[in-house]
Amino acid sequence: MKDFLKKFELYVGSVFISVTTVVVIMNVFTRYFLKFTYFWTEEIAVGCFVWTIFLGTAAAYREKGLIGVEAIVVLLPEKIRNVVEFLTYILLTVLSGLMCLFSLTYVMSSSKITAALELSYGYINISIVISFALMTLYSIIFTIESFKKAFLSKGN
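Analysis parameters
- Residues numbered from 1 in each chain as written.
- Predicted model: local features only at pLDDT ≥ 70, side-chain atom pairs only at ≥ 80, totals over all residues.
- Heavy atoms only, no water.
- Helix = DSSP H or I, 4+ residues; strand = E, 2+ residues; numbered from the N terminus.
- Expected span 1.5 Å × (residues − 1).
- Buried < 20%, exposed > 50% of the residue type's maximum accessible area, 1.4 Å probe, protein only.
- Contact = heavy atoms within 4.5 Å.
- UniProt positions renumbered as here; feature names shortened; annotations may be inferred.
- Phe/Tyr/Trp six-rings, centres within 6.5 Å; stacked < 30°, edge-to-face > 60°.
- Salt bridge = Lys/Arg side-chain N within 4 Å of Asp/Glu carboxyl O.
- Patch = residues over 30% accessible without salt bridge, like charges linked within 9 Å, V, L, I, M, F, W, Y side chains within 5 Å.
- Areas by Shrake-Rupley, 256 points an atom, 1.4 Å probe, with all protein chains shown as cover.

### A few points about helix 3 (residues 41-62)
Phase 1: Taking 1.5 Å per residue as the helical rise, helix 3 with its 22 residues ought to reach 32 Å, and the 31 Å between its terminal C-alpha atoms agrees with that figure.
Phase 2: Taken together, the buried positions of helix 3 are occupied by Thr41, Glu43, Ala45, Gly47, Cys48, Trp51, Thr52, Leu55, Ala58, Ala59, Tyr61 and Arg62.
Phase 3: Taken together, the buried residues of helix 3 touch helix 1 (2-6), helix 2 (8-33), helix 4 (78-109) and helix 5 (122-152).
Phase 4: Just beyond helix 3, the residue with positive phi is Lys64, at close to 55°.

### Re the UniProt feature "transmembrane region" (unreviewed entry) in the protein
Phase 1: According to UniProt, the positions carrying the feature "transmembrane region" (unreviewed entry) are residues 12-32, 44-61, 86-108 and 120-144.
Phase 2: The straight-line gap between the two end C-alpha atoms of residues 12-32 is 31 Å; of that span, 100% is helix and 0% is strand.
Phase 3: When the span residues 86-108 is considered, its composition is 100% helix and 0% strand, and the gap between its end C-alpha atoms is 33 Å.

### Section: the packing of aromatic side chains
Phase 1: All told, the structure shown has nine aromatic pairs when counted by the stated rule.
Phase 2: Geometrically, the ring pair formed by Phe86 and Phe147 is tilted, given 5.5 Å between the ring centres and 55° between the ring planes. Note that Phe86 is positioned in helix 4 and Phe147 in helix 5, a separation of 61 residues in sequence.
Phase 3: Using a relative accessible area of 13% as the deciding quantity, one classes Phe86 as buried.
Phase 4: On the numbers, 5.3 Å between centres and 50° between planes, the contact of Tyr89 with Phe142 is tilted.

### Here we look at the pattern of salt bridges
Phase 1: Per the counting criterion, the structure on display carries three salt bridges.
Phase 2: Two residues, Glu63 and Arg62, come together in a salt bridge whose shortest N-O distance is 3.1 Å.
Phase 3: Residue Arg62 is classed as buried on the basis of its relative accessible area, which comes to 14%.
Phase 4: The shortest N-O distance in the salt bridge between Glu85 and Lys149 comes to 3.7 Å. Of this pair, Glu85 sits in helix 4 while Lys149 is found in helix 5, placing the two residues 64 residues apart along the sequence.
Phase 5: Residue class for Lys149 comes out partly exposed when judged on its relative accessible area of 39%.

### Here we look at a nonpolar patch on the surface
Phase 1: A surface patch of nonpolar side chains, amounting to about 830 Å² of accessible area, comprises Leu87, Ile90, Leu91, Val94, Leu95, Leu98, Met99, Leu101 and Phe102.
Phase 2: Assignment of secondary structure puts Val94 in helix 4.
Phase 3: With relative accessibility at 46%, the residue Val94 sits in the partly exposed group.

### Here we look at helix 4
Phase 1: Here helix 4 spans 46 Å end to end across 32 residues, near enough to the 46 Å set by a 1.5 Å rise per residue.
Phase 2: Inspection of helix 4 places Asn82, Phe86, Tyr89, Thr93, Ser96, Gly97, Cys100, Ser103 and Val107 among the buried residues, and these make up the whole buried set.
Phase 3: Against helix 3 and helix 5 lie the buried residues of helix 4.

Written out as structure tokens, the structure is:
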């Protein structure tokens, strides 16, 4: 259970990518071999893929696996590098928090529905809100860790 909570974005994202794969394979099979298609498969596949992308982004951010520009920062002395890291995480916390609020506003104001299933796009777009909320939470955690490293470590 602890492992699930630690990496739940990856597990939930795996379910969504599995559904995407099964639905696409099923639709290809029915189209080419049975000569018909299901009208709803594209919407399911796209919706699950969007969830996979945003959950994967949050998981990559948690693992610090997103691309960053460190060429200049690594040249700085360790003490200054720790302060720059702290300031960077403050900025990322603010930006991801703002994106969470903006995406929530977008989802709440959206009334668009899908064509085939007539479901609200809110079910798909809420993944954006969840992703930025998780990134904000992780940014806060990283900010606290970098504060301790920059200002409370014994070397300072």
